[in-house]
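Notes for the structure review
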Amino acid sequence: MKNSGATELDDFYEIRQECQADVPKTRFKPRAGKTLSARKWKTAFSPDGHLDIAKVLRRIQRGGVHPSIKGEVWEFLLGCFDPNSTYDDRNRLRELRREQYASWKSQCQKLVPIIGKGRIMMTPLAVENCQPADQSSSNDAPEDGAAPSSSNDSSEEAALAEAEAQEKKVKQWKQILYQISLDVLRTDRSLVFYESEINQSKLWDILAIYAWVDEDIGYVQGMSDICSPIALLLENEADAFWCFERAMRKLRENFKCTTNSMGVQQQLSTLSEIIKAVDPKLHQHLEYLDGGQYLFAFRMLMVVFRREFSFVDSLFLWELMWAMEYNPNIFAYYESPDTTGKSIVAKMDEKMLKQYGKFERANVKTGMVDNQSALAVFLAASVLEAKNKRLLKEAKGLDDVANILGDLTGSLDAKKACEEALKLQKKYLKMKKLEG
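Before going into details, it helps to say that this report is about the structure given with it. All values derive from a computational prediction rather than experimental measurement.

Another aspect to go through is a positive patch on the surface. A contiguous patch of positive charge, built from R31, K34, R39, K55, R58, R62, K351, K354 and K358, is present on the exposed surface. In terms of residue count, helix α3 (residues 53-63) provides more of the positive patch than any other element does, 3 residues in total. Within the secondary structure, K358 is located in helix α16 (residues 358-366).

Put into structure tokens, the structure is as follows:
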């Protein structure tokens, strides 16, 4: 007979009968007095809606979030809302965001009518001759006898360039939609939730519209793994989109690939620096195996350990990480017009410091604000440290490294892994301080 904790989780994240033998064992169970419960969450708000974020973070870092409130808690952890806002403030903002999402969705539907119809695209689109949604009328020929001016020429050139850019955007976006469909069909297929075509289409719609809005990133494989839990946890599609958009603010560098670099390359470089500092012997061994670029950790960082944990445990890990990385200025930072290449402002006020997560608080105190030194990098380092003896003894090549790390699936404890990552961070920051 299953215990009550396991049964409770099954009710929220039901596994298909034929998949139950194949999915990794779940370690997380809601624990009274440790896990943030619906009751504790409710009492963390003032009568007008201000959230005691410090109190919430302490509870999450002890035992995660109860499944019944994960979605709404994640909205705060990811910076969708300001803890200092009121219920009315958030309702107004939510309504504005839903209207914006509806507008973007309408634009996409005009180009690809299947969007929003409860289905996903099953065949690639022919896009050779696609045209932009709106044609500018500024290219009309001048009236008879009217001599075109240089300013008109400039306007026409600008309009033509804009039309060509729009056509290119539409073409590139349409080309990626079928790939999104393929990934949606592969994502979290063990969950009963995704047996429903309606739920599959919800995930597809969110990813398709995000790809339309974020021209810089578009869509990259792996983003469905990030979006899937959010689409499950938040019933309203627009709310799920905005929560995913905030998650991508944290993770966008993971998916930003160019002809010269891959998304997580900087994080892999940071991981190399950390291991070289805290465990030079292991780093030297990995370099000897031609693994000094740490490409074997690519997947861990790319999709934030989704493959190394069960579905439930990966959610637990994420909320632990987000709580530990929490910065109370995150909402204001994301709402600023341009945050490209900028770090979140840190304030050293003691009262304010209590509103930071453990990991971010340590960074702020030591002045380490490098966005690439994320908790996920220290988590990857802690995993390598945990496998130190096997890697040194058994790894004779990179295939051996991959096999040893491949054995991790279902064997890691999320909370213990985060605690080890914090210890490594403390050790690393101390070493960096001595160097400075």
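Now for the nonpolar core. With 129 residues, the main nonpolar core has M223, F244 and F305 as its most contacted residues. Sort the elements by how many residues they give to this core and helix α13 (residues 311-324) lands first, with 11 residues. If you count residues domain by domain, this core takes at least three from each of domain 1 (101-127 + 158-254) and domain 2 (257-435). Dropping the residues within four chain positions of it, M223 is found in contact with L207, Y210, I217, G218, F244, M248 and F255.

Look at helix α7 (residues 197-213): 24 Å from first C-alpha to last across 17 residues, which is about the 24 Å you get at 1.5 Å a residue. Near the N-terminus of α7, the side chain that reaches the backbone nitrogen of I198, with its oxygen 3.2 Å away, is that of S196.

This structure, assessed with the given rule, holds 25 salt bridges. Shared partners join several salt bridges into a network, and the residues in it are R97, E245, R246, R249 and E335.

Here Q267 lies in helix α10 (residues 265-278). Look at Q267 and you get buried, because its relative accessible area is 8%. Among the polar contacts made by the side chain of Q267, one reaches the side chain of N254 at a distance of 3.3 Å.

What counts and how
Residues numbered from 1 in each chain as written. Predicted model: local features only at pLDDT ≥ 70, side-chain atom pairs only at ≥ 80, totals over all residues. Heavy atoms only, no water. Patch = residues over 30% accessible without salt bridge, like charges linked within 9 Å, V, L, I, M, F, W, Y side chains within 5 Å. Areas by Shrake-Rupley, 256 points an atom, 1.4 Å probe, with all protein chains shown as cover. Salt bridge = Lys/Arg side-chain N within 4 Å of Asp/Glu carboxyl O. Lys, Arg positive; Asp, Glu negative; His and termini not counted. Charge placed at Lys NZ, Arg CZ, Asp CG, Glu CD. Helix = DSSP H or I, 4+ residues; strand = E, 2+ residues; numbered from the N terminus. Core = buried A, V, L, I, M, F, W, Y, C linked by side-chain atoms within 4.5 Å. Buried < 20%, exposed > 50% of the residue type's maximum accessible area, 1.4 Å probe, protein only. Domains from an automatic or database assignment. Contact = heavy atoms within 4.5 Å. Expected span 1.5 Å × (residues − 1). Polar contact = N/O pair within 3.5 Å; in protein donor to acceptor, adjacent residues only side chain to side chain.

The values reported here are purely geometric and, on their own, carry no functional implication.
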